[in-house]
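What follows is the residue order along each chain.
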Amino acid sequence: MALKNQLIKSPKLINTCLKHSDVIVRVKASHLLRKLEGHEQDSALDIALKDRFMPIRREAFQIILKRDGNCTLAEKFLFDRHSSIREIAMIHLKQAGIDVKSIYQMSLKSNQVFVLRGAIWGLAELYSVESIPQLSKFIQNPHPSVRKQAVNALAL
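First, a word on scope: everything that follows refers to the structure included in this document. (Residues numbered from 1 in each chain as written. Predicted model: local features only at pLDDT ≥ 70, side-chain atom pairs only at ≥ 80, totals over all residues. Heavy atoms only, no water.)

**Quick word on the side chain of Arg57**
With respect to the helices and strands, Arg57 occurs in helix 4 (residues 54–68). In contact with Arg57, other than residues within four places in its own chain, are Ala48, Leu49, Asp51, Arg52, Asp80, Arg81, His82 and Ile85. (Helix = DSSP H or I, 4+ residues; strand = E, 2+ residues; numbered from the N terminus. Contact = heavy atoms within 4.5 Å.)

In structure tokens, the structure reads:
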């Protein structure tokens, strides 16, 4: 109603809704991201990219990829907590000619659990058979989520 009756300017309302605690409000605002332009869209996309709810992050990420083809952002999202976003990042980077397998292999040296999980997942998704010896070592990792990801990867 606020948008339809122009009670509040669209960018301000969208930003306010994207910061709301209710996920339904944030989702409705995320559907309006494509209507914004320039700095107003950039501001809203920054908020949406940090949202905990995957569909909101995915929407913002896809808008930026379509608009800018941002490979730096796509590399960051290779390690998103949700596999569908990691997959979008992987496809985008591969189409841009980036060696995604090397990025994941180098990331196996990280001390960060979420990076290790993402790298193991990525190498499995890329069917990197040559990485099996490296991935096998993670079955003994002290972090349960890394062990689980390694077992899942090797089971493919």
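**Quick notes on the packing of aromatic side chains**
Here the structure, examined in full by the defined rule, presents two aromatic pairs. Judged by centre distance (4.5 Å) and plane angle (20 degrees), the rings of Phe61 and Phe77 are stacked. With Phe61 in helix 4 and Phe77 in the loop between helix 5 (71–76) and helix 6 (83–95), the pair connects residues that are 16 residues apart, well separated along the chain. Note on Phe61: relative accessible area 0%, which makes it buried. Phe77 gets classed as buried once you look at its relative accessible area, which sits at 3%. With centroids separated by 5.5 Å and ring planes inclined at 80 degrees, the aromatic side chains of Phe79 and Tyr104 adopt a geometry described as edge-to-face. Placement of Phe79 in the loop between helix 5 and helix 6 and of Tyr104 in helix 7 (residues 100–107) is noted, with a sequence separation of 25 residues between them. For the pair Phe79 and Tyr104, a shared accessibility class is recorded, and that class is buried. Cation over ring: Arg86 sits above Trp121, and NZ or CZ is 4.4 Å from the ring centre. (Phe/Tyr/Trp six-rings, centres within 6.5 Å; stacked < 30°, edge-to-face > 60°. Buried < 20%, exposed > 50% of the residue type's maximum accessible area, 1.4 Å probe, protein only. Lys NZ or Arg CZ within 6 Å of the ring centre and 35° of its normal.)

**What about the pattern of salt bridges?**
All told, the structure shown has six salt bridges when counted by the stated rule. For Arg34, the salt bridge is made with Glu59, and the minimal N-O distance between the two is 2.9 Å. Of this pair, Arg34 sits in the loop between helix 2 (23–30) and helix 3 (38–49) while Glu59 sits in helix 4, and the two are 25 residues apart along the sequence. The class of Glu59 is buried, set by a relative accessible area of 17%. Residue Glu130 pairs with Lys101 through a salt bridge whose shortest N-O separation is 3.0 Å. Placement of the pair is Glu130 in the loop between helix 8 (113–125) and helix 9 (132–136) and Lys101 in helix 7, with a sequence separation of 29 residues. Overall, the relative accessible area of 25% leaves Lys101 in the partly exposed class. Residues participating in the shared-partner salt-bridge network are Asp42, Arg67 and Asp68. (Salt bridge = Lys/Arg side-chain N within 4 Å of Asp/Glu carboxyl O.)

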